[in-house]
2 protein chains.
Amino acid sequence: MREIKNILKTKAEEVETNLEKLMNLKEETAPRLTEAMKYTLLSGGKRIRPVLSLMTAELLDGNYEAALKAGSALEMIHSYSLIHDDLPAMDDDQLRRGKKTNHLVFGEAEAILAGDALLTYAFEVLSELELDPAAKIKIIANTAKYSGQQGMVGGQILDLEGENKKLSLAEMQKVHKAKTGALIKAAVLNGVYCSDYSEKEEQALLAYAENIGVLFQIVDDLLDLTGETEKMGKVVGRDEELNKSTYPKLLGLNAARAAAQEHADQAKTELNIFGDKAEDLKALVDYILKRQH
Amino acid sequence: MREIKNILKTKAEEVETNLEKLMNLKEETAPRLTEAMKYTLLSGGKRIRPVLSLMTAELLDGNYEAALKAGSALEMIHSYSLIHDDLPAMDDDQLRRGKKTNHLVFGEAEAILAGDALLTYAFEVLSELELDPAAKIKIIANTAKYSGQQGMVGGQILDLEGENKKLSLAEMQKVHKAKTGALIKAAVLNGVYCSDYSEKEEQALLAYAENIGVLFQIVDDLLDLTGETEKMGKVVGRDEELNKSTYPKLLGLNAARAAAQEHADQAKTELNIFGDKAEDLKALVDYILKRQH
């Protein structure tokens, strides 16, 4: 377990450095806007999406530098979604990664625009990848598809509509698949598209991504129920407060834990075609699973 | 004058049809989100950005269908910026193109997300253009650059910061250049990149775009001062209310009109290298200029 923890830490640091570099690359038009963008983007975190792009590209002996940038673009998209999600009109959150949320520091208008700018910059970064144009187009199409109305943004609307409503398990899964699962898939696929790959490999990694997407969600739900605000860097118990449907609420604590285990096992099975080379991606699964305890 | 009016009308209708088609192309995740996206995107208007892409591609004998899509993507970006701009945290507007603003109909959270989804979908549409991948990348890079922190979004922050402040002419021009000028440039350049072009042609068309960008702004400022709410489909006098710096306020009415004339002349001069082929783009300049009366 120590080893995967170190791998993740090292890669998260690489991502951090790259994000800083990308944020200092362009001449800025409005310093206050850049500051607001950096405030949330560069506030640490596990950087799991870019790390997944990196680990996937590594598995396939792909272009690591390109995967670093392609993953960083997804982190920008994840970041903008957090900024918008935290707004008073949305979840009205005060605390994010142990810091005041963006709009509390910069103002609501600035937070909305910082989110817009991060989303736009993500595509600028992707257009500048050092890959052949056809691969870049694949990555841009993939990123847009999974982060837009058919993916993350669609999921956010479903999530809002689901508050104060008792969803069925299938309905809740549809929300999660779009809201959080889609970007995990995009991350793994962006790593694939920075590499040479067979269709079979692409499908196996997509299935892996789907399973760890669900796994993440179940573990997050469990942590929101049983975690501590201080340790988490965000206010726990928000699901209950917003009356959201969660895995433990719909399935009970034990069945939720069993479902987590099941998706973890399935994720690892999907990687069998890669043999020993997939060791790190398998260890990551166990690492996520362990967070719940 | 009748002729250019008809050309613009026909092209705006083509754009309208294409936007509708694009909005019905993908399976929807959340019907309410799609509805909110369509509400603002399909609410008519002059569609001047896509029309510029079309007229530019026509001038250069480029790929008209691709320019229609590339321009439509810019219209999505323009549309999302209107939705976010109208939010209570921003300009707090009630009326847009004669209809209630998006957040008044769908709610604030939904309006924020509809904007995010339109912006994201713009890049998905661009990734699907029927052009060779290198040209698509050029268009995507161009679009992102001019609509992000160095372009439109940067300009919006500068615009907010400029409220209740007396800006110098240079400061106000910096705001406009980013907030409204950038997307006009992107529109013309997207038309260029759907075509075969020389560097000289690209530069001439960029200079044309810069001049009509300023022209648009001056005419808009004049109309906000002298127009009628009913005829405009939006509340006039908002600049005054928000205490914004405008051309007539900084230069006086007559000098503002003279500046409009000057930029109109310059825009037309830039097109001289194209000879008679640039007739329509020149007529467009006169058409914009005439709106102020």
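Residues numbered from 1 in each chain as written. Chains lettered and ligands numbered in written order. Predicted model: local features only at pLDDT ≥ 70, side-chain atom pairs only at ≥ 80, totals over all residues. Heavy atoms only, no water.

Draft legend 1. Representation of the overall build of chain A. Scanning chain A for helices and strands turns up 15 helices and 2 strands. Rg of the C-alpha trace for chain A: 18 Å, near the compact-globule value of 19 Å for 293 residues, within the 12% margin. Referenced to the eigenvectors of the C-alpha coordinate spread, the extents of chain A come out at roughly 50 × 50 × 35 Å. Partitioning the contacts of chain A with sequence separation of at least 6, the portion at a separation of at least 24 is 74%. Here chain A displays about 11700 Å² of accessible surface, and carbon together with sulfur accounts for 48% of that area. Where the 37 positive side-chain charges of chain A centre and where its 48 negative ones centre are 2 Å apart. (Helix = DSSP H or I, 4+ residues; strand = E, 2+ residues; numbered from the N terminus. Rg over C-alpha atoms; globule rule 2.2 N^0.38 Å. Contact = heavy atoms within 4.5 Å. Areas by Shrake-Rupley, 256 points an atom, 1.4 Å probe, with all protein chains shown as cover. Lys, Arg positive; Asp, Glu negative; His and termini not counted. Charge placed at Lys NZ, Arg CZ, Asp CG, Glu CD.)

Draft legend 2. Representation of the interface of chain B and chain A. Contact with chain B, which involves 48 residues of that partner, is made by 48 residues of chain A. Across the contact surface, chain B and chain A share 0 salt bridges. For the pair chain B and chain A, the number of links is 12 residue pairs in polar contact (both at pLDDT 80 or more). Those elements that place two or more of their residues in the side of chain B that touches chain A are α2 (31-41), α4 (64-86), α6 (108-127), α7 (133-147), α8 (152-162) and α9 (169-193) of chain B. Broken down by element, the residue count for the side of chain B that touches chain A peaks at 12 residues, all from α6 of chain B. Split by residue class, the side of chain B that touches chain A holds 24 nonpolar, 12 polar and 12 charged. (Salt bridge = Lys/Arg side-chain N within 4 Å of Asp/Glu carboxyl O. Polar contact = N/O pair within 3.5 Å; in protein donor to acceptor, adjacent residues only side chain to side chain. Nonpolar A, V, L, I, M, F, W, Y, C, P; charged D, E, K, R; others polar.)

Draft legend 3. View of the relation of the copies chain B and chain A. Least-squares fitting of chain B to chain A yields an RMSD of 0.0 Å, with the transformation described by 0.0 Å of translation along the axis and a rotation of 180°. Read as a symmetry element, the transformation amounts to a two-fold axis. Across chain B, the smallest distance between a C-alpha and the rotation axis is recorded for proline 133 of chain B, namely 2.6 Å. By residue overlap, the copies meet face to face through one surface: 100% of the interface positions of chain B are interface positions in chain A. (Least-squares fit on C-alpha atoms with pLDDT ≥ 70 in both.)

Draft legend 4. Here's a closer look at the side chain of glutamate 75 of chain B. All names here are of chain B. Along the polypeptide, glutamate 75 turns up in helix α4. Among the residues examined, glutamate 75 registers a relative accessible area of 1% and is labelled buried. When residues no more than four places from it in sequence are discounted, the contact partners of glutamate 75 are Leu19, Leu41, Arg47, Arg49, Pro50 and Arg97. (Buried < 20%, exposed > 50% of the residue type's maximum accessible area, 1.4 Å probe, protein only.)

Draft legend 5. Representation of the pattern of salt bridges in the model. All names here are of chain A. Evaluation of the coordinates by the stated rule reveals 28 salt bridges over all chains. For lysine 9, the salt bridge is made with glutamate 13, and the minimal N-O distance between the two is 3.6 Å. With lysine 9 and glutamate 13 both in helix α1 (residues 2-23) and 4 residues apart, the pair spans about one turn of that helix. Classification of lysine 9 as exposed rests on a relative accessible area of 53%. Assessed through its relative accessible area of 44%, glutamate 13 is described here as partly exposed. Note that aspartate 220 and arginine 291 form a salt bridge whose closest N and O atoms lie 3.7 Å from each other. Taken together, the positions of aspartate 220 in helix α10 (residues 199-226) and arginine 291 in helix α15 (residues 279-291) put the pair 71 residues apart, joining distant regions of the chain. Residue classification places arginine 291 among the partly exposed positions, given a relative accessible area of 22%.

Draft legend 6. The arrangement of the packing of α6 of chain B against α7 of chain B in detail. Residue and element names in this part refer to chain B. Where α6 contacts α7, the axes come no closer than 9 Å and their chain directions differ by 160°. Between α6 and α7, the interaxial angle falls into the category roughly antiparallel. Crossing geometry of α6 relative to α7 is assigned as right-handed. Contacts between α6 and α7 pair Phe123, Leu126 and Ser127 from the former with Lys136, Ile139, Ile140, Thr143 and Ala144 from the latter. Residues that form the contact of α6 with α7 fall into these classes: 5 nonpolar, 2 polar and 1 charged. (Axes fitted to C-alpha atoms, helices over the stretch in contact; angles between N-to-C directions. Parallel < 35°, antiparallel > 145°, perpendicular 65-115°, else oblique. Left-handed = near helix turned anticlockwise from the far one by under 90°.)

Draft legend 7. Local environment of unusual backbone geometry. Even without glycine at this site, arginine 97 of chain A takes up a positive phi of about 50°. Along the chain, arginine 97 of chain A falls in the loop between β1 (95-96) and β2 (99-100). Although it is not a glycine, aspartate 92 of chain B adopts a positive phi angle of roughly 55°. Mapping aspartate 92 of chain B onto the fold places it in the loop between α4 and β1 (95-96).

Draft legend 8. Quick look at the side chain of serine 245 of chain A. All names here are of chain A. By the element assignment, serine 245 lies in the loop between α12 (238-241) and α13 (247-251). The class for serine 245 is buried, based on a relative accessible area of 12%. A polar contact of 3.2 Å, which involves the side chain of serine 245, links it to the backbone nitrogen of leucine 167. Excluding anything up to four places from it in sequence, serine 245 contacts Lys165, Lys166, Leu167, Met172 and Leu250.

Draft legend 9. Representation of the packing of aromatic side chains. Per the stated rule, a full pass over the model turns up 5 aromatic pairs over all chains. Plain terms: the ring middles of tyrosine 39 of chain A and phenylalanine 106 of chain A are 5.4 Å apart, the flat faces sit at 70° to each other, and that makes the pair edge-to-face. Of this pair, tyrosine 39 of chain A sits in helix α2 (residues 31-41) while phenylalanine 106 of chain A sits in helix α5 (residues 102-106), placing them 67 residues apart in sequence. Exposure class is identical for tyrosine 39 of chain A and phenylalanine 106 of chain A. Each is buried. Aromatic side chains tyrosine 193 of chain B and tyrosine 197 of chain B sit 5.5 Å apart centroid to centroid with 55° between the ring planes, which places their arrangement in the tilted category. For the cation-ring pair, lysine 99 of chain B lies above tyrosine 39 of chain B, with the distance from its terminal atom to the ring centre recorded as 3.9 Å. (Phe/Tyr/Trp six-rings, centres within 6.5 Å; stacked < 30°, edge-to-face > 60°. Lys NZ or Arg CZ within 6 Å of the ring centre and 35° of its normal.)

Draft legend 10. Structural view of helix α7 (residues 133-147) of chain A. Over its 15 residues, α7 of chain A runs 21 Å from end to end, which matches the ideal 21 Å to within 8%, given 1.5 Å per residue. Within the sequence span of α7 of chain A, burial applies to Ala135, Lys136, Ile137, Ile139, Ile140, Asn142, Thr143, Ala144, Tyr146 and Ser147 of chain A. (Expected span 1.5 Å × (residues − 1).)

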